[in-house]
Amino acid sequence: MKKIELEKGNFCHIRGFKPGPSTLRGIKNMNNVIEMSGYLSKLTALVPFFQIFAGRDGYTGVSLAAAGWNASIYDWENFRRAMNAIPAIKRTRLETIAEKQALFSRGKEHEFWTCVYNSL
(Lines give C-alpha, C1' and ligand atoms only; values in the text may rest on other atoms or scores of the structure.)
Protein backbone atom coordinates (compact mmCIF):
# COMPACT_ATOMS: atom_id res chain seq x y z
CA MET A 1 0.00 0.00 0.00
CA LYS A 2 1.43 3.36 -0.95
CA LYS A 3 2.03 6.09 1.55
CA ILE A 4 0.04 9.28 1.13
CA GLU A 5 1.52 12.44 2.52
CA LEU A 6 -1.34 14.44 3.90
CA GLU A 7 -0.42 17.70 5.53
CA LYS A 8 -3.08 20.31 6.13
CA GLY A 9 -2.33 23.65 4.55
CA ASN A 10 0.31 22.23 2.20
CA PHE A 11 -0.92 23.55 -1.14
CA CYS A 12 0.56 22.64 -4.49
CA HIS A 13 0.37 23.27 -8.22
CA ILE A 14 -0.11 20.50 -10.75
CA ARG A 15 0.85 21.22 -14.34
CA GLY A 16 -0.87 19.42 -17.20
CA PHE A 17 -3.47 17.70 -15.02
CA LYS A 18 -6.43 16.16 -16.85
CA PRO A 19 -8.96 14.52 -14.53
CA GLY A 20 -9.95 10.97 -15.29
CA PRO A 21 -13.33 9.29 -14.69
CA SER A 22 -12.56 8.45 -11.06
CA THR A 23 -11.57 12.03 -10.29
CA LEU A 24 -14.68 13.37 -12.02
CA ARG A 25 -16.82 11.01 -9.89
CA GLY A 26 -14.99 12.22 -6.76
CA ILE A 27 -15.62 15.84 -7.69
CA LYS A 28 -19.28 15.03 -8.32
CA ASN A 29 -19.50 13.37 -4.89
CA MET A 30 -17.96 16.43 -3.26
CA ASN A 31 -20.41 18.73 -5.06
CA ASN A 32 -23.27 16.54 -3.80
CA VAL A 33 -22.02 16.83 -0.21
CA ILE A 34 -21.82 20.63 -0.55
CA GLU A 35 -25.31 20.82 -2.06
CA MET A 36 -26.86 18.50 0.55
CA SER A 37 -25.23 20.38 3.44
CA GLY A 38 -26.86 23.55 2.10
CA TYR A 39 -30.25 21.84 2.14
CA LEU A 40 -29.56 20.51 5.64
CA SER A 41 -28.73 24.01 6.89
CA LYS A 42 -31.96 25.42 5.44
CA LEU A 43 -34.13 22.62 6.81
CA THR A 44 -32.51 22.77 10.23
CA ALA A 45 -33.07 26.52 10.35
CA LEU A 46 -36.80 26.00 9.73
CA VAL A 47 -37.31 23.54 12.61
CA PRO A 48 -37.65 26.07 15.45
CA PHE A 49 -40.05 28.24 13.47
CA PHE A 50 -42.25 25.27 12.73
CA GLN A 51 -42.18 24.14 16.37
CA ILE A 52 -42.83 27.64 17.70
CA PHE A 53 -45.60 28.69 15.33
CA ALA A 54 -47.28 25.37 14.58
CA GLY A 55 -47.12 24.23 18.16
CA ARG A 56 -47.43 20.65 19.26
CA ASP A 57 -51.14 20.38 18.47
CA GLY A 58 -50.85 20.16 14.71
CA TYR A 59 -51.00 22.60 11.87
CA THR A 60 -53.90 24.74 13.06
CA GLY A 61 -51.57 27.53 14.15
CA VAL A 62 -51.16 29.14 17.51
CA SER A 63 -51.98 32.51 18.97
CA LEU A 64 -49.34 35.21 19.18
CA ALA A 65 -49.14 34.75 22.96
CA ALA A 66 -48.63 31.00 22.59
CA ALA A 67 -45.96 31.57 19.93
CA GLY A 68 -44.17 33.94 22.31
CA TRP A 69 -44.31 31.34 25.07
CA ASN A 70 -43.02 28.63 22.72
CA ALA A 71 -40.13 30.89 21.65
CA SER A 72 -39.21 31.63 25.26
CA ILE A 73 -38.98 27.95 26.20
CA TYR A 74 -37.40 26.69 22.96
CA ASP A 75 -33.99 25.05 23.40
CA TRP A 76 -31.95 27.65 21.50
CA GLU A 77 -28.62 26.32 22.76
CA ASN A 78 -29.33 22.91 21.26
CA PHE A 79 -30.40 24.61 18.02
CA ARG A 80 -27.13 26.59 17.95
CA ARG A 81 -25.10 23.40 18.42
CA ALA A 82 -27.00 21.70 15.59
CA MET A 83 -26.43 24.61 13.22
CA ASN A 84 -22.74 24.85 14.13
CA ALA A 85 -22.22 21.12 13.56
CA ILE A 86 -23.25 21.23 9.90
CA PRO A 87 -20.01 22.81 8.56
CA ALA A 88 -17.92 20.32 10.56
CA ILE A 89 -19.92 17.40 9.18
CA LYS A 90 -19.55 18.77 5.65
CA ARG A 91 -15.79 19.21 6.02
CA THR A 92 -15.39 15.68 7.42
CA ARG A 93 -17.33 14.20 4.50
CA LEU A 94 -15.27 16.19 1.98
CA GLU A 95 -12.03 15.12 3.68
CA THR A 96 -13.11 11.48 3.57
CA ILE A 97 -13.83 11.67 -0.16
CA ALA A 98 -10.50 13.38 -0.90
CA GLU A 99 -8.54 10.97 1.29
CA LYS A 100 -10.06 7.89 -0.37
CA GLN A 101 -9.50 9.36 -3.82
CA ALA A 102 -5.84 10.06 -2.95
CA LEU A 103 -5.39 6.57 -1.55
CA PHE A 104 -6.75 4.83 -4.65
CA SER A 105 -5.18 7.01 -7.35
CA ARG A 106 -1.75 7.40 -8.93
CA GLY A 107 0.33 10.04 -10.59
CA LYS A 108 -1.15 13.47 -11.10
CA GLU A 109 -4.58 12.35 -9.88
CA HIS A 110 -3.00 11.24 -6.60
CA GLU A 111 -1.19 14.57 -6.40
CA PHE A 112 -4.46 16.43 -7.14
CA TRP A 113 -6.43 14.63 -4.41
CA THR A 114 -3.61 15.08 -1.91
CA CYS A 115 -3.76 18.81 -2.64
CA VAL A 116 -7.55 18.82 -2.26
CA TYR A 117 -7.32 17.05 1.09
CA ASN A 118 -4.61 19.41 2.31
CA SER A 119 -6.69 22.45 1.34
CA LEU A 120 -9.73 21.39 3.37
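One can find the structure itself at the top, above this paragraph.
These figures come from a predicted structure and were not determined experimentally. (Residues numbered from 1 in each chain as written. Predicted model: local features only at pLDDT ≥ 70, side-chain atom pairs only at ≥ 80, totals over all residues. Heavy atoms only, no water.)

### Brief notes about the pattern of salt bridges
What counts is decided by this rule: In the sections that follow, a salt bridge refers to a side-chain nitrogen of Lys or Arg positioned within 4 Å of a carboxyl oxygen of Asp or Glu. Numbering of helices and strands runs from the N terminus; a helix is a DSSP stretch of H or I covering at least four residues, while a strand is a stretch of E covering at least two. Partly exposed residues are those whose accessible area sits between 20% and 50% of the maximum for their type, while under 20% is buried and over 50% is exposed, using a 1.4 Å probe and protein chains only.
Considering all chains together, one arrives at 2 salt bridges under this definition. The closest approach of N and O atoms between R80 and E77, which form a salt bridge, is 2.4 Å. Separated by 3 residues within a single helix, R80 and E77 lie in helix α3 (residues 76-103), roughly one turn from each other. Of the charged contacts, one joins E77 and R81 as a salt bridge, the two residues approaching to 3.3 Å between their closest N and O atoms. With a gap of 4 residues between them, E77 and R81 both fall in helix α3, about one helical turn apart. Taking relative accessible area as the criterion, E77 reaches 37% and is therefore assigned partly exposed. Residue classification places R81 among the partly exposed positions, given a relative accessible area of 44%. Shared partners join several salt bridges into a network, and the residues in it are E77, R80 and R81.

### Points about the nonpolar core
For clarity, the threshold we go by: Only buried Ala, Val, Leu, Ile, Met, Phe, Trp, Tyr and Cys residues count toward a nonpolar core, and they belong to the same one when joined by side-chain atoms within 4.5 Å.
Membership of the largest hydrophobic core is limited to 10 residues, which are M30, V33, L94, I97, A98, A102, F112, W113, V116 and Y117. Secondary-structure elements contributing two or more residues to this core are α1 (21-54), α3 and α4 (107-119).

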